[in-house]
Amino acid sequence: MARGEDLYITHAKSVYRYLFSLTGEADTAEELTQETFYRALGSLDSYRGEASPQVWLCAIAKRLWYKELALRAKNAPLEPDSAERIPAPDDPALAAEQREDRMRLYRAMQQLDTDTREVIHLRLAGEFSFRDIGEILGRSEVWARVRFYRGKQELSTIIGGENNE
């Protein structure tokens, strides 16, 4: 295993991309990336090398994200006026259309099973290879490819059905 600094230099960007794909929030992804490396450096002695360092770090990151989600659910205040604090875009019509498209995609993705949804997030937002996705999720590269392909087909069907209603 490389020293802590080398580990960070080599893997920080991919861990951040992975966390950003999960969180959708740059600040949260950055904070969790830092926490991931803090935890990893604290447990370097226990790293057994059964998975690549990137996979090991992403597993730590994923656990931290799940803890963050649990904490958010526990402490989530109800703020009906929170949407009013979002800054206005330059082109309101375009922004509304893009938002509607994103909402349609996110709604469709919620209809996918958890594994397929995570593969799509890792591939598109995290820009991970299918090999890396397979390692992160404890599966094979072929499994990741098949999940991604079938997920895209299912999303196309779901979104196509919404447009035809």
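Up top you'll find the structure we're talking about.
Each residue is numbered by its place in its chain's sequence as written, counting from 1. At least 70 in pLDDT is required for a residue's local features to be given in this predicted model, at least 80 for side-chain atom pairs to be given and counted, and no such filter applies to totals for whole chains, interfaces and linings, which use all residues. Side-chain measures here rest on the full set of heavy atoms in the structure, leaving out hydrogens and waters.

1. Focus on the packing of aromatic side chains
Pairing of aromatic rings covers Phe, Tyr and Trp, the last through its six-membered ring, and needs centres within 6.5 Å; plane angles under 30 degrees mean stacked, over 60 mean edge-to-face, and all others mean tilted. In total, this model carries four aromatic pairs according to the counting rule given. Judged by centre distance (6.1 Å) and plane angle (20°), the ring pair of Tyr 16 and Phe 20 falls under stacked. Taken as a pair, Tyr 16 and Phe 20 lie in helix H1 (residues 4-23) at a separation of four residues, close to a single helical turn. Geometrically, the ring pair formed by Tyr 18 and Phe 128 is edge-to-face, given 5.8 Å between the ring centres and 80° between the ring planes. A residue pair is termed long-range when its members are at least 10 positions apart, and Tyr 18 in helix H1 and Phe 128 in the loop between helix H5 (114-124) and helix H6 (130-136) qualify at 110 residues. Think of it in three bands: residues with accessible area under 20% of the maximum for their type are buried, residues over 50% are exposed, and the middle band is partly exposed, with areas taken using a 1.4 Å probe on protein chains only. Taking the relative accessible area as the measure of exposure, Tyr 18 reaches 0% and is therefore buried. A relative accessible area of 2% means that Phe 128 is categorised as buried. The helix count covers DSSP runs of H or I at least four residues long, the strand count covers runs of E at least two residues long, and both are numbered beginning at the N terminus.

2. What to know about H5
Looking at H5, one finds that the buried residues are Thr 116, Arg 117, Glu 118, Val 119, Ile 120 and Leu 122. Backbone nitrogen of Asp 115 and a side-chain oxygen of the N-cap are separated by 3.2 Å at the start of H5; the cap is Asp 113. Pairs of N or O atoms are called polar contacts if they sit within 3.5 Å, as long as, within protein, a hydrogen donor faces a hydrogen acceptor (for residues adjacent in sequence, only side-chain-to-side-chain pairs).

3. Digging into the pattern of salt bridges
Any carboxyl oxygen of Asp or Glu within 4 Å of a side-chain nitrogen of Lys or Arg constitutes a salt bridge here. Taken as a whole, this structure holds eight salt bridges when the rule is applied. We note a salt bridge from Arg 139 to Asp 115, for which the minimum N-O separation is 3.7 Å. On the criterion of sequence distance, the pair formed by Arg 139 in the loop between H6 and helix H7 (141-163) and Asp 115 in helix H5 is long-range, its members being 24 residues apart. Taking the relative accessible area as the measure of exposure, Asp 115 reaches 29% and is therefore partly exposed. Salt bridges sharing partners connect three or more residues here, namely Arg 131, Asp 132 and Glu 135.

4. Things to note about the nonpolar core
Among the nonpolar cores identified, the biggest contains 34 residues, and Ile 133 and Ile 136 are the most heavily contacted of them. Put simply, the parts of the chain that give this core at least two residues each are H1, helix H2 (26-42), helix H3 (53-75), helix H4 (92-110), H5, H6 and H7. Looking at this core, the element that brings in the most residues is H3, giving eight residues. If near-sequence neighbours (up to four positions away) are discounted, Ile 136 is found in contact with Tyr 18, Val 55, Cys 58, Leu 122 and Phe 128. Here, the term nonpolar core denotes a set of buried Ala, Val, Leu, Ile, Met, Phe, Trp, Tyr and Cys residues that are joined through side-chain atoms within 4.5 Å. Only heavy atoms enter the contact rule, under which two residues are in contact if any of them lie within 4.5 Å.

5. Let's talk about H1
Here the expected length of a helix is defined as 1.5 Å per residue gap, with one fewer gap than residues. Relative to the 28 Å expected for 20 residues at 1.5 Å per residue, H1 spans just 25 Å between its end C-alpha atoms, considerably shorter than the ideal helical length. Two axes define the bend at a residue: one fitted to the seven residues ending there, one fitted to the seven starting there, and the bend is the angle between them. Along H1, the sharpest kink reaches roughly 55°, centred on His 11. Buried residues along H1 sit in contact with H2, H3, H5 and H6. Positive backbone phi, approximately 70°, marks Gly 24, located one or two places after H1.

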